[in-house]
Structures are given as C-alpha cells and as structure tokens.
Amino acid sequence: MDSSNNSVVTEFILLGLSNSWELQLFLFFVFSVLYGAAVLGNLLIILTVITDSCLHTPMYFLLSNLSFIDMCQATFATPKMIADFLSKHKSITFQGCMSQIFFLHVFGGSEMVLLVAMAYDRYIAICKPLHYMTIMSRKVCTVLVGVSWAIGILHSASHLAFTVNLPFCGPNKVDNFFCDLPLVIKLACLDTYILEILVLTNSGLLSLICFLLLLVSYTVILATVHRQASGGTSKALSTLSAHVTVVVLFFGPLIFIYIWPFESFPIDKFISVFFTVFTPLLNPMIYTLRNKDVKEAVKKLRNRHIGSKHDF
C-alpha cells in the first residue's frame, strides 16, 4: 500500500466517542457486553441452522449467512473501539484504516444484496409456493449468497481503488471510532468534491437499487398475502414482519447518512454505533423472538447440550 501511496501520514487518530475517562470506562463495559451478545447471538443462529435438519431450508440457509455477515460487521471495528476506551492514544495505521474502509463496505454491500435475496425467497415462498423448492434449490441459494459477496467486494474495491492513492499530508484526525470513508476523504490534501460525488453515487446507487427492489418485492408479497384466506397467512405475515423490521433497521440509518453524506453531525457517531453494534445484535433477537421454528430449534440445541452434560 505504501508503495502506491504518496501520503506523509502513516497513521490516523480516532477521536472516539468521548474524552471523559470515566465515561470511557463505562462504555468499555457496556460495549464489551453488547459485542459479546452480538457475536454469540449470531453464532447461535448459525449453529442452530447447521445442527437442526428441520432448518435445512432456503430461508434459513440465507438467514445463517446474514448472521455470518452481521457477526463480521460487528467485528471489523468494535473490538478496536473497545480496546481504545482503555487507551489515551487512539491511533490506527494507514493500512489498518484502509482495511476498515474495505471491510465496512464489503459487509455493508453484501448485506444489502443478501436482504434482497431473502426478500426474493419470501416472494417465491408466498406467491409461488408449489414451485418453491424447485426454484429455490441449494444451487440457486449458493449463487445468491455468492453474488451478494461478489457485489460487496466489487463495491468496496471501487471505493478503495482511489482512496488508497490519495495524498494525506496534513490533518489526520478522524472524528469517529473507526475510519469512515467520507471523513477520511476530507483529510486528503486536494479538492475532494469530485471524489465525494463518486462515493455518494457508488454507495447511494447500490443502496437505492436494493431498497427499491425490497420495496417492490414486499409490496407484491403483502398484496398476495392480503388476497389469501388460508391458515398459513398469519405465519407468512409473522415471518415477513421480521424481514421488514430488519430491513428498516438496516436502511433507516443509511437514508440519514446519504441525506447529508459529507456533513458532520453529533448524531453521526450514534448512527455508526447503531450500524456496527446494535444492528448485528438486534437481527438475531428479531429472528429468534418472531420465529417459532428457530425458537424450537434453539430449545432443542440447548436441551441436547444440557443432556450431554448430564450424561458426562
């Protein structure tokens, strides 16, 4: 990276969430608990889907992949933030900063596309139930997951391609707890207006396309459910409501970010925390609490684990 970069800056200073030592100690314990819960919650869903044969269906295959992305999203910056609460000098190397930018957009882009794939899965299940297993085969599901990762990596690489070569020769303070792309770009020693437009177009276009696809798919699904008068309608609505809730939690902060992408507001740090910590924590809770099959599978997994302990 250094060979292709003309920058004098070798590290960035992360200003974090607070300057108060007492508050940082409090936040250290709070975010340690939240991060642990987010990782364990998503790991529990992945293990439950893998070990329970009743959950070996397309919907839960996609859900387990969403949990994996959420676990990664919670990990790319949160452990460093937690460690920085105990440090006075909150710095990150140039390479580390570029890595955070890369992984943030990989996981964010992949999750957006995967949410569209999950909406497509629900569309087929509710609108074309007789052809569901034929259309949503394991091969199709694997392709959908592969496409989501490919788009996420391509989306992120397109950002990093120009960011890594920017000349950083002066200020190096990032007013957040991780390297956020718009904040880092503004530190470059040149006029970044065109670059800011490119970033907004790249991320905004992907977000807008995914959001519109989700909006159309859920509108069609709700119209279909409304016309149905079967016993499965309530279950379909329950499953659908969990998906819609996750979509709202994911795209809600993004909408605010893209309204004022390069302006700094006090609420920006809250949105960053929500996106990197609370969303990965809330997703497993939403799918577990609103999904009877997952709750039953978790109980069986727990009882199996307790039973094996007693046998031992």
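Residue indices follow the written sequence of each chain, beginning from 1 at its first position. Since the coordinates come from a predicted model, pLDDT governs what is reported: local features require at least 70, and pairs of side-chain atoms require 80 or more to be given and counted, while whole-chain, interface and lining totals use all residues. As a rule here, side-chain values cover all heavy atoms of the structure and leave hydrogens and water aside.

- Looking up the protein in an unreviewed UniProt entry gives the name Olfactory receptor, with the organism given as Erinaceus europaeus.
- UniProt annotates the protein under Function (unreviewed entry) with the comment "Putative odorant or sperm cell receptor."
- Annotation of the protein in UniProt includes, under Sequence similarities (unreviewed entry), the sentence "Belongs to the G-protein coupled receptor 1 family." UniProt positions are given in the numbering used here, feature names are shortened, and annotations may be inferred rather than shown by experiment.

**Notes on the overall build of the protein**
Next, step 1: Regarding its fold elements, the protein presents 11 helices and 3 strands.
Next, step 2: Any residue under 20% of the maximum accessible area for its type is buried, any over 50% is exposed, and the rest in between are partly exposed; the area is computed with a 1.4 Å probe on protein chains only. When burial is assessed residue by residue, the protein has 48% of its 312 residues classed as buried.
Next, step 3: Residue contacts are counted whenever heavy atoms from the two residues lie within 4.5 Å of one another. Looking at the protein alone, contacts between residues at least 24 apart form 81% of all its contacts between residues at least 6 apart.
Next, step 4: Note on areas: Shrake-Rupley with a 1.4 Å probe; residue coverage comes only from the protein chains shown. Accessible surface, the protein as shown: approximately 15,400 Å² in total, 70% of it carbon and sulfur. Under the DSSP-based scheme used, a helix requires at least four consecutive residues in state H or I and a strand at least two consecutive residues in state E, with every element numbered from the N terminus.

**A closer look at the UniProt feature "transmembrane region" (unreviewed entry) in the protein**
Next, step 1: Residues given the UniProt feature "transmembrane region" (unreviewed entry) here are residues 25-47, 59-78, 98-120, 140-162, 205-225, 237-259 and 271-289.
Next, step 2: Annotated as residues 25-47, this span is 100% helix and 0% strand, and its ends, taken at the C-alpha atoms, are 33 Å apart.
Next, step 3: Each end of residues 205-225 is marked by a C-alpha atom, and these two atoms are 30 Å apart; helix forms 100% of the span and strand 0%.

**Quick word on the pairing of strand S1 (residues 11-14)**
Across a regular strand the side chains alternate sides, sitting on one face of the sheet and then on the other.
Next, step 1: In this structure, S1 lies alongside strand S2 (residues 91-93), joined through 3 bridges in antiparallel fashion. The residue bridging Ile13 from the neighbouring strand is Ser91, located in S2.
Next, step 2: If DSSP finds at least two bridges between two strands, the strands pair. Of the pairings in the sheet, the one linking S1 to strand S3 (residues 173-174) comprises 2 bridges and is parallel in character. Its bridge partner lying in S3, Leu14 is registered against Val174.

**A word on the state of the cysteines**
Next, step 1: Here, the term disulfide refers to a pair of cysteine sulfur atoms separated by no more than 2.5 Å. In this structure the tally under the stated criterion is 2 disulfides.
Next, step 2: The disulfide that involves Cys169 links it to Cys189, with 2.0 Å between the sulfurs. Of this pair, Cys169 sits in the loop between helix H6 (138-163) and S3 while Cys189 sits in the loop between helix H7 (181-185) and helix H8 (193-227), and the two are 20 residues apart along the sequence.
Next, step 3: For Cys189, a relative accessible area of 32% gives the class partly exposed.
Next, step 4: The connectivity of the disulfide bonds within the protein can be written as 1-3, 2-4, using the sequence rank of each bonded cysteine.

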